[in-house]
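# Residue-level structural notes
Each chain is listed here by its residues.
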Amino acid sequence: MSVPVMKLLATRGADPNIPSIEGTTPLLVAAVLIVRHFAPTRLRFTGAVLGLFAGAMAALVYTLHCPELSPAFLVVWYSLGMLIPAAVGAALGERLLRW
């Protein structure tokens, strides 16, 4: 990622030190800033997809450091970790993605 983009994200509040669900806040802010320039027409759906993307990327990073690999753990906690940011993205999509 280029330095100007990182500075823009930092000024818009994408601080990795912000307590969030598995670090999804910086990823969701970055995704919203990028997709907003594509002028989406289905704002709620686009917000949900961006939230799901941010949750999935955070789950991927978490997987690299987590030794727990039981199927029950993966299904319950990873699903929640991806669905919560998707719900937040859907709720905020109309407001944040409007062009």
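These lines cover the structure that appears in this document, whether it is placed above or below.

What counts, and at which threshold
Residues numbered from 1 in each chain as written. Predicted model: local features only at pLDDT ≥ 70, side-chain atom pairs only at ≥ 80, totals over all residues. Heavy atoms only, no water. Helix = DSSP H or I, 4+ residues; strand = E, 2+ residues; numbered from the N terminus. Buried < 20%, exposed > 50% of the residue type's maximum accessible area, 1.4 Å probe, protein only. Contact = heavy atoms within 4.5 Å. Expected span 1.5 Å × (residues − 1). Core = buried A, V, L, I, M, F, W, Y, C linked by side-chain atoms within 4.5 Å. Salt bridge = Lys/Arg side-chain N within 4 Å of Asp/Glu carboxyl O. Phe/Tyr/Trp six-rings, centres within 6.5 Å; stacked < 30°, edge-to-face > 60°. Lys NZ or Arg CZ within 6 Å of the ring centre and 35° of its normal.

On to the overall build of the protein, then. Along the backbone of the protein there are four helices and zero strands. Across the 99 residues that make up the protein, the buried fraction comes to 29%. Long-range contacts, defined as pairs at least 24 residues apart, comprise 67% of the intrachain contacts of the protein with a sequence gap of at least 6.

Between its first and last C-alpha, helix 3 (residues 43-63) extends 30 Å over 21 residues, near the 30 Å set by a 1.5 Å rise per residue. Of all the residues in helix 3, the buried ones are Leu 43, Thr 46, Gly 47, Leu 50, Gly 51, Ala 54, Gly 55, Ala 58 and Ala 59.

A word on the nonpolar core. With eight residues, the main nonpolar core is built from Leu 28, Ala 31, Val 32, Val 35, Leu 43, Leu 50, Ala 54 and Leu 97. Broken down by element, this core gets its largest block of residues, four residues, from helix 2 (residues 24-36). In this structure Ala 31 touches Leu 50 and Phe 53, once residues within four positions along its chain are discounted.

Turning our attention to unusual backbone geometry. For Ala 39, which is not glycine, the phi dihedral falls at a positive 50 degrees. Following the sequence through the fold, Ala 39 ends up in the loop between helix 2 and helix 3. Take Ala 39: its relative accessible area is 28%, and that puts it in the partly exposed class.

Summed over all chains, the structure comprises one salt bridge. The salt bridge involving Glu 94 is made with Arg 44; its shortest N-O contact spans 2.7 Å. Separated by 50 residues along the polypeptide, Glu 94 in helix 4 (residues 71-96) and Arg 44 in helix 3 bring together distant segments of the chain.

Under the definition given, this model contains two aromatic pairs. Look at Phe 73 and Tyr 78: their rings are 6.0 Å apart centre to centre, the planes differ by 70 degrees, and that puts the pair in the edge-to-face class. A relative accessible area of 12% means that Tyr 78 is categorised as buried. Grouped by ring-pair contacts, the aromatic residues Tyr 62, Phe 73 and Tyr 78 constitute a single cluster. The ring of Phe 45 carries the charged tip of Arg 42 above its face, separated from the ring centre by 4.6 Å.

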